[in-house]
Amino acid sequence: MRVVILPNAEQASLFAAEQVKKQITRKPTSVLGLATGSTPLKLYKELIESQKRGEISFADASSFNLDEYLGLAPEHPQSYHRFMRENFFEHIDIDLNNTHIPQGLTDNPITSCEAYEAKILEKGGIDLQILGIGRNGHIGFNEPSSGLASRTRVKTLSPSTIDDNARFFGPDETQPTLSLTMGIGTILDSKKLVLLAYGDGKADAIKDTVEGPLSASCPASALQMHKDALVIIDESAASKLEHQEFYLHVERENQKLLKTLGL
Ligand code: PGA
C-alpha cells in the first residue's frame, strides 16, 4: 500500500487528479470506478477543468459507480445518479451510455446486482477505482462485518452511515436505509485503487485501514490485500498513523525514483 500524506485536501485532490489524468492519457478507453460523497468533489472539479483545458478527454472512457440507494429513482435529488450527473458527467465529454450506476429502482435487486457484475466483466474490468471511506471504515456501502470477498449486492446501512448522510435529506424526505453496492471482492478486482480521506473525522478509519489488522470490522483494511492500492490523505486524516514519518520518507524516495524513470 502506498500512503501519500499531503498538507491539505486541496493538494491531495490535485494529486489524485494527476493519477486519473495519467490513467486516461495512457489508456483513453479506461474503465473508471467512481465514488460519491463530499470527498471526491474537488477531484471531479479538477478533472472537469483539465478536460476544459484540453489536457484529457473522457470520450472513449466508461465508468462504474460504487453504489446507489435502494428505492431512489435516478431523478431523486439525493440519488447518486443525480449526484454524478450534476457534479461530473454533465460537465465532461463522457458518453452517458458508457456510465453505469446500480439501479436504485429495480423489481429484482438480486438479478440487477448480478447484471452489474456481468457488465463490469464485459467492459474488461475496472482500471482505476476511486474510493472514499466512512468514519466506520466502510468503502462503497460495505459496512463493518461485510464479507471481504463480497460481490455487488443489497446492503443495510449502519446507524453511523445513516447519521452521517442525514444532513443531505430534508425533514420531509424519507432517508433510505438500504443500498446496492459493489462488494469488497468487486472493488479488489480493480487493477488500481485510489482511496481518498480528508479531515480528522477520518483519522481513526485511516489508522485501522493502514495499520490495523486485516478485518471485516474495517472494510477498507481489505486494501492491504491489493497489489496496487494508493491511499491519498491530508495531514488531519493521517494524524493517528503511528508510522507517519516513515510514509513521508518512502514517498520522498518514490518521487525521486519516478523522476529518474521519467514517470
Ligand atoms: P464523504 O463520505 O466523502 O462524504 O466523507 C465517504 C463515504 O462515506 O464513503
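Preceding this paragraph is the structure being described.
Structural notes, computed from the coordinates. If you're wondering where the values come from, they're calculated on a predicted model, not measured in any experiment.

Procedures and definitions
- Residues numbered from 1 in each chain as written.
- Predicted model: local features only at pLDDT ≥ 70, side-chain atom pairs only at ≥ 80, totals over all residues.
- Heavy atoms only, no water.
- 1 Å grid on protein atoms, 1.4 Å probe; cavity = no way out; pocket = protein on both sides within 12 Å on 5 of 7 lines; lining within 4 Å.
- Points joined across faces, edges and corners; volume = space filled by probe spheres on them.
- Helix = DSSP H or I, 4+ residues; strand = E, 2+ residues; numbered from the N terminus.
- Pairing = 2+ DSSP bridges.
- Axes fitted to C-alpha atoms, helices over the stretch in contact; angles between N-to-C directions.
- Near = heavy atom within 4 Å.
- Polar contact = N/O pair within 3.5 Å; in protein donor to acceptor, adjacent residues only side chain to side chain.
- Sits in = over half its atoms within 2 Å of the grid points.
- Nonpolar A, V, L, I, M, F, W, Y, C, P; charged D, E, K, R; others polar.
- Patch = residues over 30% accessible without salt bridge, like charges linked within 9 Å, V, L, I, M, F, W, Y side chains within 5 Å.
- Areas by Shrake-Rupley, 256 points an atom, 1.4 Å probe, with all protein chains shown as cover.
- Salt bridge = Lys/Arg side-chain N within 4 Å of Asp/Glu carboxyl O.
- Phe/Tyr/Trp six-rings, centres within 6.5 Å; stacked < 30°, edge-to-face > 60°.
- Buried < 20%, exposed > 50% of the residue type's maximum accessible area, 1.4 Å probe, protein only.
- Contact = heavy atoms within 4.5 Å.
- Parallel < 35°, antiparallel > 145°, perpendicular 65-115°, else oblique.

Here we take up the layout of surface pockets. Estimates place the volume of the largest pocket at around 710 Å³. Where the lining of the largest pocket is concerned, the elements lending two or more residues are strand S4 (67–69), helix H3 (80–87) and helix H5 (159–165). When residues of the lining of the largest pocket are assigned to their parent elements, the largest contribution, four residues, is made by H3. The computed volume of the second largest pocket comes to approximately 400 Å³. The wall of the second largest pocket is formed by 15 residues, among which Arg2, Gln19, Lys22, Lys192 and Leu258 lie closest to the centre. Those elements that provide at least two residues to the lining of the second largest pocket are helix H1 (9–26), strand S10 (229–234) and helix H8 (244–260). With six residues, the single largest contributor to the lining of the second largest pocket is H1.

Turning to the sheet that holds strand S7 (residues 153–156), a few remarks are in order. One open sheet accounts for three strands, arranged S4-S8-S7; its pairing is antiparallel. Pairing within the sheet leaves two strands with one partner each, and these edge strands are S4 and S7. Adjacent strand axes in the sheet meet at a mean angle of 30 degrees, parallel and antiparallel pairs treated alike. Sheet analysis places S7 next to strand S8 (residues 178–181), joined by four bridges and oriented antiparallel. Bridged to Val154 within S8 is Leu180.

This brings us to the site of the ligand. The immediate surroundings of the ligand are formed by Gly37, Ser38, Thr39, Gly132, Ile133, Gly134, His138, Arg167 and Lys202. The contact in question runs from an oxygen atom of the ligand to an N or O atom on the side chain of Thr39, over 2.5 Å. Contact between the ligand and Lys202: an oxygen atom at 2.6 Å from a side-chain N or O atom of the residue. Cavity membership is defined here by more than half of the atoms lying within 2 Å of grid points; on that basis the ligand lies in the largest pocket. Its residues placed into classes, the shell around the ligand shows one nonpolar, six polar and two charged.

A few words on a nonpolar patch on the surface. A grouping of Leu257, Leu261 and Leu263 is seen on the molecular surface, where their side chains present a nonpolar patch of about 340 Å² in accessible area. Structurally, Leu257 is set in helix H8.

Counting across every chain of the model gives nine aromatic pairs. Between Tyr44 and Phe88, the ring centres sit 4.5 Å apart and the planes meet at 20 degrees, which makes this aromatic pair stacked. Placement of the pair is Tyr44 in helix H2 (residues 41–52) and Phe88 in the loop between H3 and strand S5 (99–100), with a sequence separation of 44 residues. Per residue, the accessibility class of Tyr44 equals that of Phe88, and both read buried. An aromatic cluster of at least three residues, connected via ring pairs, comprises Tyr44, Phe58, Phe88 and Phe89.

Moving on to the sheet that holds S10. Taken in spatial order, the seven strands of this open sheet run S1-S10-S9-S6-S2-S3-S5, and their pairing is parallel. Each having just a single partner strand, strand S1 (2–6) and S5 make up the two edges of the open sheet. Running at roughly 150 degrees to strand S3 (residues 62–65), helix H4 (residues 109–122) makes contact with S3 and S5 of the sheet.

Running from N to C, H2 and H3 point in directions that differ by 40 degrees, and their axes come no closer than 10 Å. The orientation of H2 relative to H3 falls into the category oblique. Every residue of H3 that contacts H2 at Leu41, Tyr44 and Ile48 is listed here: Phe83, Met84 and Asn87. Taken together, the residues of the contact of H2 with H3 sort by class into five nonpolar, one polar and no charged.

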